[in-house]
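# Fold and geometry: a report
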Amino acid sequence: MAMMVFLAALLQVVLMGECQDEIDCSAIYKSGQTVSGIYSIYPTDNVHVFVYCQMISDGTDEDNGGWTVIQTGWLENMYQLTLNRKYMLRVDLEDFQENEVFALYSSFSVDSEADGYKLHVSGFTDGGAGNSLSDHDGKKFTTFDQDQDDDSNNNCAKLRLGAFWYKECMKTNPNGVYIWGKDNTHTGIGNVWSTWKGYDVGMKSITMKIKLVS
């Protein structure tokens, strides 16, 4: 099953080192580190994780610097990061014809495990991708063994062969099957972003990254 693309798998990077005091890539960027790469951050005082920090972006100057690339296996860390701090979310998409678009959300947070790691996302700005994520706002995270979606008859993770903040079930499926572009025999199970390419075109990459709102 394809997971959200982690840029470290696509780029030749080196481990940039640990910064005990830095909670995220925004803080690392402000400390003077401007080279994209893998860093160690501390979402809580006694827990560190390695993340890919994207220090530049293809967007405006305001977009540049200190993006923390996230993965859905990182739910607890997302909760800790966004618990008392305000983050924005950017989703970068690329298809197999090398077209690139994005969707930007001015507010992003995740609730605790006890609350199902519920997603909160709002303030959409269109960068050509359309808004496939707002339909998932307020939804808990569903996996094969943790059915927390709104579909009373199905587990959306099993039905869509992924894991995500499903509703009934989805408008995007970043953790779905990597289907290498258009494939109408696998409609609804691929790594799709429906408002851009529909339900039967898989993305070459879907990257979700967050940045502290100053």
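What you see is a predicted model; the values in this text were computed from it and never measured.

## A look at the overall build of the chain
When you go through the chain residue by residue, the secondary structure sums to four helices and eight strands. In the chain, the order of α-helices and β-strands from amino to carboxyl end is β-α-β-β-β-α-β-β-β-α-α-β. When each of the 214 residues of the chain is scored for burial, the buried share is 52%. For the chain, restricting intrachain contacts to residue pairs at least 6 apart in sequence, the fraction spanning at least 24 positions comes to 49%. Only carbon and sulfur atoms are counted for the fraction: they give 46% of the accessible area of the chain, which is about 9,900 Å².

## Thoughts on the state of the cysteines
Under the defined criterion, the tally for this structure stands at two disulfides. Two residues share a disulfide in this structure: Cys25 and Cys53, whose sulfurs sit 2.0 Å from each other. The sign of the S-S torsion, about -75°, decides the handedness of the disulfide formed by Cys25 and Cys53: left-handed. In this pair, Cys25 is assigned in helix α1 (residues 25-30) and Cys53 in strand β3 (residues 47-54), connecting sequence segments 28 residues apart. In this pair, the class of Cys25 matches that of Cys53, namely buried. The disulfide partner of Cys156 is Cys169, and the S-S distance across this bridge is 2.0 Å. The sign of the -80° torsion about the S-S bond sets the Cys156-Cys169 disulfide as left-handed. Taken together, the residues Cys156 in helix α3 (residues 156-160) and Cys169 in the loop between α3 and α4 (194-197) connect sequence positions 13 residues apart. Comparing Cys156 with Cys169, the two get one shared label, buried. Sequence-ordered numbering of the disulfide-bonded cysteines in the chain gives the connectivity 1-2, 3-4.

## Some words on unusual backbone geometry
With an omega of 5°, the peptide bond running from Glu168 to Cys169 counts as cis. Not every positive phi belongs to a glycine, and Glu98 is a case in point at roughly 70°. Relative to the helices and strands, Glu98 is located in the loop between β5 (87-94) and β6 (100-110). On the basis of relative accessible area, Glu98 is assigned to the exposed category, the value being 60%. Positive phi, close to 50°, is recorded for Tyr117, a residue that is not glycine. Mapped onto the secondary structure, Tyr117 falls in the loop between β6 and β7 (119-127).

## Overview of the environment of Val47
Among the secondary structure elements, Val47 is positioned in strand β3. By relative accessible area, Val47 is classed as partly exposed at 36%. Residues Val47 and Asn77, spaced 30 residues apart in sequence, show a C-alpha to C-alpha distance of 9.1 Å. Not counting residues within four places of it along the chain, the set of residues in contact with Val47 comprises Ile41, Tyr42 and Asn77.

Rules behind the numbers
Residues numbered from 1 in each chain as written. Predicted model: local features only at pLDDT ≥ 70, side-chain atom pairs only at ≥ 80, totals over all residues. Heavy atoms only, no water. Helix = DSSP H or I, 4+ residues; strand = E, 2+ residues; numbered from the N terminus. Buried < 20%, exposed > 50% of the residue type's maximum accessible area, 1.4 Å probe, protein only. Contact = heavy atoms within 4.5 Å. Areas by Shrake-Rupley, 256 points an atom, 1.4 Å probe, with all protein chains shown as cover. Disulfide = S-S within 2.5 Å.

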